[in-house]
Amino acid sequence: MMKNLKYLFIFCIAAIFISGCKKFLDYQPKGTIDGDQLNTPENVEKMVIAAYASLGNDHWTVPYEQMWMYGDSRTDDSYKGGGSLSDGNGYNNYQLFSYVQPTLNDANLMWQAIYAGISRTNDALQRLDMISE
Amino acid sequence: MKKIKRLRICGVNCAMMRLSLVISLVCCGISATWANKTDAQGILDKTVTIEISNEPLSVAIDLISSKTKISFNYAGNIMNSERKVFLSAKNKRLSDLLDELLNPYSLGYIVFNDKIIIRSNNRQAAYNPVSSDGFMADLQFYSQVDIRGRVLDKNGDPLEGVSVLISGTNRGTTTDALGEFSLKAVDKNSTLIISNVGYERQTVAVRGRTELEIVLEPLDNNLEKVVVTGYQQERKKDLTGAVSVVNLSSIKDNTSNNSIQALQGHIPGVFITSDGNPNGNATVQIRGITTLNDNSPLYIVDGVPMKSGINQFNTNDIESMQVLKDPSSASIYGARASNGVIIITTKQGKRGRTSLDFSSSVTASWYNTKLQVLNTEQRGRVLWQAAINDGTSPDNLPIYKYQWHTDPNTGPILDQVIIPTWVDSAAGIRSADTKWFDVISRTGLIQSYNLAFSTGNDKGSTRISLGYYDNKGIIRETGYKRATARVNSEYRLFNGRLKVGENISLSGSQAIPDAGAVGLAEIVQPILPVHTLSGGWAGPSGAGFDDRDNPARVVDDTKWNRLSILDLVGNTYLDFSILKNLSVRTNFGVQYEGARQKSIDKTFQSGFLSRTINGLTVQQADNINWAWNNTIDYHIRLDEHYLDVLGGMEMIKNNADTFSAYREGFALQTPDYFYLNAGTGNKNNAGIGGGYALLSYFGKLNYSYKDKYLASGTLRYDGSSRFGGNNKFGLFPAFSLGWRLIKENFIEQHLGFLSDLKLRFGWGQTGNQEISNNAIYALYIPQYGDPNNVGGISNGTAYGISGQDNGTLPSGFLAIQQANPDLKWETTTGTNTGLDFGFFNQKLSGSIDYYTKNTKDILVLSPYAAVIGDGGSQWKNGASVHTSGIDFILEYQDRMGDLSYSVTTSISHYKSRITRLPAEVVNSYPGNSEKTILGHSPNAYFGYIADGIFASQQEVSNHAMQPGKAIGRLRYSDLNGDGVVDDLDQDYIGSADPDFIYGVNIGVSYKHFDLALFFQGVQGINLYNSYKIYSDFTSVWGGSNYGKRTLDAWTPQNSGSSIPALTLADNNNEKRMSTYFVENASYLKWRNLQIGYNFRSRQHESTGGYSMRVYIQAENLAIFKDNKGVRNFSAPDPENPSSALPRPFNLTLGLNITL
């Protein structure tokens, strides 16, 4: 009895030592999407949608992606509007061609938004190359 | 040398346990025996000069009796021998004389009640006495018995080689391998002295018993003591790494619910910071800074690894605690060990003993570190002065009116501050002089009750314990309640070769979280009353107030908030000795923590602050960890070689889930109504999940030669789900060497005063994997785009790609993080060089350790250039930190008669600096374009050097260009001498790392009394005193109250002041980070004073012996801090510079009973 138990025990321990394998460490992020999951036709299309969403899709109070603020307001085509001159002050500066400096936050945020759009487009194109359809 | 045993569990003993053991075993009669022995020794030490020649024994005895004035009793028949006495003695001790006289007759003697009773060494003779007048009464005391006994350690394992001596004689024996001894013909009334190296000496009254079982308690700080060092146990004297064994008896009555908080100052190298939150907050940092991320250690409770939740454990259930401080000892825990490891083992039932322990304590606590704030009149006075200093009219100030005039010689003079009757008559707010600290605080009350039942025999043991802890904090409504239950049991089968056991603990706590009332009491104006006339809350009204709310309202409206935590921690194990030297063990442990927080936002109106819609947020976080480890252990002793090999594997998995739900619109505002379903308004919810897995293989090898040369090596191979595919597994090696010089002949021969001397050296690598579960992945989320996001870029991913412009639009994904498949653990490589020493049989002992450690590949989340677009942030291995330091501990313990005392001092020092940072991360740390944090501690402050106050216009003119400079303003040093005080004139101006931390613990016991004192301090630490912006400046926060220090601000008349002149506009930008705010926060605190009295029952244990201890204890009695220096600490408590909950002064009455 004792002897059998001993062998059983040794067997169990050996099994335990061998059992651990790499699969145990497999883990999928929870509540977010791992980039590798996006390489399907449906998801690539969604990446394209996200790229389009970078175009003029902002809330009206933060129109950084809406290029007309930066372009048209400098021409006769449009007028900044708003409550006062200090409402969206940066655009007033663009309109008047006064104190237009690269450090203006409106400029920075615009470029940030545009580059976000570019990165979405590149991401979508890259994934498009990876699927065979 | 005793052979090494694989003792199951051992550790620091608790004085209460020790007491109960002594009581139940020695029990009655101990003091009688002791007195007896003392008298006996006095009599026997008398010297005698006598000459006896050819006399019968009885005559010789009579002669001695007349010489010494001591009466002798004996039964006549034992004197029947014909043998005559020839004796010549000069100044001979009576005991020696009697031995010489009586031995030839096979007679012995004992001393009783100042008499010497002579009796036969032959038992039969003793049982056949001749009755003689008055002798019968004495005879019963010298009848004899044969004794068989067993000596065990506190775990019930037999102790071999223990000395057993009959008190007052030279007779004795030692125990065999089974711990057994036998003594023939021992006097029924004699006392046995049981002693063994490394254990407390015990005296046991025989009292006619023939079977004795004696349990010896290990001495504190003893070399033979077995300590748990990671999957196995070692004798303290065999340790080669830096392992601190916690002396739990010195913290057992601490009123904190958190045993880790109670350790503050007790262990060298362990820096614990804490506040007075009733839930027992504590931050632990072992040996300085190891990483730029989480520096908290790993806890192993009965083999279950955990990162938090220690304050949920009952301190009374803890048997031992060890701190593995250096990489060579902690490396066995691999990728989670770089911050050090604290190993906690819980109490087991004792073999051969059944006992019931009860302890309770009641503590009152007081707030004795209140900040000094202005009252209503003083605040008006201060503002008037500020306006005068600015050259503006005080008559335009809000709230206050003034009677003042200008003296032609001395300038403006304030006659009277006119406080308006109403702050806001419409709202019914009558002006007051409220002491907000008194309003929000109260006398706290802490209660603690513990009950433990423990039993055990050869087949198994069980310990059941219950605890209840209730801390009503000194800030009104704050509190923490906890109930704990624990069952630990172990069963032994096949003659103890198979052990099966479990430890399980359930604890539930409920806290009322701190609502920030202390911070509000510092800054809310005293002119506000608590209530309006109609009984509502008074609040900021009109000009002159900022938007900080009435602290009393905040306290009252948050009193229904609850943070409830349920913890289930347990493990079950199986330990099988396959062969004598080979054992396997499997251990499965689980830690579950469920935390539920209920936060109620009631509607209120408080001045111009209000909430009109009430709401309820319920959050639930579930965290479950399980760990399964399997080890195999083989040890062998061949002549003078000892080898111990351990191999094992471990699997750890963690899953965490949280969700929260929010609902608005509750018709009733009662705690019983605030449940989600009852709300009728807007709803919201959120939730996240996460987890990780670890798979590890490890091995350890201990070798010793002649008990003199020690070597140990460990290797751990750790895989973590948190690491990238290219670096899934990491290897963590370590080795350490020890040389017990005390065993060398030259030490033994020439330096006999040494009792221990050991040199240790260790090297090792450990890891840190404490980063986000998802750090390696490229992550995307769908973000529909919040139409109400007014402040920033919406980053929405929804677009009407097919042309629709209403309804739900199709949505894409947004990148939020870039992948890094190369991501790996942080590696800490460290060395430790230590010396353990002991003098005079360990009366004086201690150790000193020097260590260095370098952590590289520290994980940093790097910022990114906007050109990358969405989600450019990425976790990288990049930074390095170097830390070195010294730990020192010294202990002295001695005994003088009934007085025993001990003094333990620990001091430690560390210095940390960042040695490398990726270029893109450097700017995330304090610094400028010329100076970077490299070479400084991550806790360093960066700012200007305030070198005084401009006293004259000439000083102002001579100083470099400093916008806003004026008389009475702070002068900032122009460090680079370019004539302008600007960004480049900043420097590193101190750090929150202390030069050294220390603690002194003193314990004294005298007869039934014991006394304990504990002091703890931190020296050479700088802290940013965030309150100083209120206590010294009226210019920064307009509508708030200020500190009393403003009354002493600089004026031309008060030019000695170091506080800049009061002003209403901070034109000189004095709120900037400067040495003005970074103060010397060194302190020495008298933490504890305790006086106890021990009662001991005189009954035999079978008739219900008990021991009892009552004590009175005071905590946080005094704070000593820098009050005079250039950078003196200007607030009352350097330990809590900001608005954290203060640590109170506590007065405790406690009771422990052991049955």
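Calculation notes
- Residues numbered from 1 in each chain as written.
- Chains lettered and ligands numbered in written order.
- Predicted model: local features only at pLDDT ≥ 70, side-chain atom pairs only at ≥ 80, totals over all residues.
- Heavy atoms only, no water.
- Helix = DSSP H or I, 4+ residues; strand = E, 2+ residues; numbered from the N terminus.
- Buried < 20%, exposed > 50% of the residue type's maximum accessible area, 1.4 Å probe, protein only.
- Contact = heavy atoms within 4.5 Å.
- Pairing = 2+ DSSP bridges.
- Salt bridge = Lys/Arg side-chain N within 4 Å of Asp/Glu carboxyl O.
- Expected span 1.5 Å × (residues − 1).
- Phe/Tyr/Trp six-rings, centres within 6.5 Å; stacked < 30°, edge-to-face > 60°.
- Axes fitted to C-alpha atoms, helices over the stretch in contact; angles between N-to-C directions.
- Arc of directions from axis to C-beta.
- Core = buried A, V, L, I, M, F, W, Y, C linked by side-chain atoms within 4.5 Å.
- Parallel < 35°, antiparallel > 145°, perpendicular 65-115°, else oblique.
- Polar contact = N/O pair within 3.5 Å; in protein donor to acceptor, adjacent residues only side chain to side chain.
- pLDDT = per-residue confidence, 0-100.
- Left-handed = near helix turned anticlockwise from the far one by under 90°.
- Nonpolar A, V, L, I, M, F, W, Y, C, P; charged D, E, K, R; others polar.
- Lys, Arg positive; Asp, Glu negative; His and termini not counted.

Attention now goes to the overall build of chain A. Helix and strand content of chain A: four helices and one strand. Within chain A, buried positions represent 39% of all 133 residues. Within chain A, contacts between residues separated by at least 24 positions form 46% of all contacts whose residues are at least 6 apart in sequence.

To continue, consider the pairing of strand E7 (residues 163-166) of chain B. All names here are of chain B. Residues of E7 alternate between two faces, with Val164 and Ile166 buried on one and Ser163 and Leu165 left unburied on the opposite face. Here E7 runs beside strand E8 (residues 172-174); their pairing, made up of three bridges, is antiparallel. By the bridge assignment for E8, Val164 is matched with Thr173. Where E7 hands over to E8, the hairpin turn is made up of five residues, of which Gly168 adopts a positive phi near 80°. Bridge analysis of E7 against strand E10 (residues 191-195) gives four bridges, and the strand direction is antiparallel. Among the inter-strand pairings, Leu165 is bridged to a residue of E10, identified as Ile193.

The next thing to look at is the pattern of salt bridges. All names here are of chain B. Using the criterion set out here, one finds 53 salt bridges over all chains in the structure. As a salt-bridge pair, Asp438 and Lys370 come within 2.8 Å of each other at their nearest N and O atoms. With Asp438 in helix H10 (residues 436-440) and Lys370 in the loop between strand E22 (355-366) and helix H9 (376-390), this residue pair connects regions lying 68 residues apart in the sequence. We classify Asp438 as partly exposed; its relative accessible area is 41%. Its relative accessible area of 26% is what places Lys370 among the partly exposed residues. Lys758 is paired through a salt bridge with Asp836; the nearest N and O atoms lie 3.8 Å apart. On the criterion of sequence distance, the pair formed by Lys758 in strand E40 (residues 754-768) and Asp836 in strand E43 (residues 826-839) is long-range, its members being 78 residues apart. Its relative accessible area of 2% is what places Lys758 among the buried residues. For Asp836, a relative accessible area of 14% translates into the label buried. Three or more residues are tied together by salt bridges with common partners; here these are Lys1085, Arg1087, Asp1133, Glu1135 and Arg1143.

The next thing to look at is helix H2 (residues 41-53) of chain A. Look at H2 of chain A: 18 Å from first C-alpha to last across 13 residues, which is about the 18 Å you get at 1.5 Å a residue. Buried residues belonging to H2 of chain A abut helix H4 (105-130) of chain A together with strand E41 (779-781) of chain B.

Right, let's talk about the packing of aromatic side chains for a bit. Using the criterion set out here, one finds 36 aromatic pairs over all chains in the structure. Each ring, one from Trp111 of chain A and one from Tyr115 of chain A, has its centre 6.3 Å from the other, and the planes form 40°; the classification is tilted. With Trp111 of chain A and Tyr115 of chain A both in helix H4 and four residues apart, this pair spans about one turn of that helix. A relative accessible area of 47% places Trp111 of chain A in the partly exposed class. Tyr115 of chain A gets classed as partly exposed once you look at its relative accessible area, which sits at 27%. Aromatic side chains Phe735 of chain B and Phe761 of chain B sit 6.3 Å apart centroid to centroid with 50° between the ring planes, which places their arrangement in the tilted category. With Phe735 of chain B in strand E39 (residues 729-740) and Phe761 of chain B in strand E40, this pair connects stretches of sequence that are 26 residues apart. You can call Phe735 of chain B partly exposed: its relative accessible area is 34%. Exposure remark for Phe761 of chain B: the relative accessible area of 32% places this residue in the partly exposed category. Put simply, the rings of Trp560, Phe666, Tyr673 and Phe674 of chain B touch in pairs and so form one group of aromatic residues.

Below, the discussion takes up the environment of Ala621 of chain B. Residues and elements named next belong to chain B. Relative to the assigned elements, Ala621 resides in strand E35 (residues 615-638). Along the primary structure Ala621 and Ala595 are separated by 26 residues, whereas in three dimensions their C-alpha atoms are 5.1 Å apart. In this structure, Ala621 is in contact with Glu593, Gly594, Ala595, Asp657 and Thr658, ignoring residues within four places of it in sequence.

Another point: the sheet that holds E7 of chain B. Residues and elements named next belong to chain B. The antiparallel open sheet is built from four strands, whose spatial order is E8-E7-E10-E11. Both edges of this open sheet fall to E8 and strand E11 (202-205), since each of them pairs with a single strand only. Put simply, the sheet's adjacent strands are angled 20° from each other on average, direction ignored.

Quick look at helix H3 (residues 57-68) of chain B now. All names here are of chain B. With twelve residues, H3 extends 16 Å from end C-alpha to end C-alpha; this agrees with the ideal 16 Å at 1.5 Å per step. Among the residues of H3, those classed as buried are Leu57, Ala60, Ile61, Ile64, Ser65 and Thr68. With its buried residues spanning 140° around the axis, H3 presents them on a single face.

This part is about the nonpolar core. Grouped together as the largest cluster of nonpolar side chains are 73 residues, with contacts concentrated most on Tyr402, Trp436, Phe437, Ile440, Ile475, Val518 and Tyr1076 of chain B. Counting residues in hydrophobic clusters, the runner-up holds 27 residues, among them Val48, Leu102, Tyr105 and Ile116 of chain B.

Moving on, we get to the environment of Phe1095 of chain B. All names here are of chain B. Locating Phe1095 in the fold gives a position in strand E55 (residues 1083-1096). Overall, Phe1095 belongs to the partly exposed group, its relative accessible area being 33%. Each C-alpha atom, one on Phe1095 and one on Tyr1106, is 8.4 Å from the other, the two residues being eleven residues apart in sequence. The residues contacting Phe1095, other than those within four sequence positions of it, are Ser1107, Met1108 and Val1110.

Residues and elements named next belong to chain B. Their axes nearest at 12 Å, the elements H3 and helix H4 (residues 94-102) cross at an angle of 170°. With respect to H4, the axis of H3 lies roughly antiparallel. Across the interface between the two elements, Leu57, Ala60, Ile61 and Ile64 of H3 pack against Leu94, Leu97, Leu101 and Leu102 of H4.

Residues and elements named next belong to chain B. Taken together, the five strands give an open sheet; going across it, the order is E15-E20-E21-E18-E19, and neighbouring strands pair in mixed fashion. The open sheet terminates on both sides in strands that have one partner only, identified here as strand E15 (243-245) and strand E19 (304-306). The mean angle between the axes of side-by-side strands here comes to 20°, regardless of whether they run parallel or antiparallel. Examined bridge by bridge, strand E18 (residues 298-301) and E19 share three bridges and lie antiparallel to one another.

Turning our eyes to something else, we now look at the environment of Thr49 of chain B. All names here are of chain B. Position of Thr49 relative to the elements: it lies in strand E1 (residues 47-55). Through-space distance from the C-alpha of Thr49 to that of Val1126 is 76 Å; in sequence the pair is 1077 residues apart. Setting aside its immediate chain neighbours within four residues, Thr49 contacts Lys67, Ala89, Lys90 and Asn91. Here the side chain of Thr49 touches Asn91 through a polar contact of 3.0 Å, landing on its backbone nitrogen.

Another point: the confidence of the model for chain B. All names here are of chain B. Chain-level pLDDT for chain B is 86 on average; 91% of the residues reach the 70-or-more range. Residue range residues 123-141 is modelled with pLDDT below 50. Its contacts to residues more than four positions away, or to other chains, number 23 contacts. If you check the scores for this complex, the pTM reads 0.80 and the ipTM reads 0.80.

Residue and element names in this part refer to chain A. Axis separation between H2 and H4 bottoms out at 8 Å; the angle between their running directions is 160°. Relative to H4, the element H2 is oriented roughly antiparallel. Pair H2 / H4 crosses with left-handed handedness. Facing H2, whose interface residues are Val44, Met47, Val48, Ala50, Ala51 and Ala53, H4 presents Arg120, Thr121, Asp123, Ala124, Arg127 and Leu128. Considered class by class, the residues forming the contact of H2 with H4 number eight nonpolar, one polar and three charged.

Time to look at the confidence of the model for chain A. Low pLDDT marks regions whose predicted coordinates should not be analysed in detail. Overall, the predicted model of chain A reaches an average pLDDT of 76, with 73% of residues at or above 70. The element-level mean pLDDT for chain A is lowest in helix H1 (residues 2-19) of chain A, coming to 61, with H2 of chain A highest at 86.

Before going further, it helps to examine unusual backbone geometry. Residue and element names in this part refer to chain B. One non-glycine residue, Asp639, lies in the positive phi region at around 50°. Secondary-structure assignment places Asp639 in the loop between E35 and strand E36 (641-664). Although it is not a glycine, Gln842 sits at a positive phi angle of roughly 70°. Tracing the backbone shows Gln842 in the loop between E43 and strand E44 (844-862).

Residue and element names in this part refer to chain B. Relative to the helices and strands, Glu664 is located in strand E36. The buried charged residue Glu664 lacks any salt bridge, with Arg611 as its nearest oppositely charged partner at 7.9 Å. In terms of polar contacts, Glu664 uses its side chain to reach the side chain of Tyr662, at 2.9 Å.

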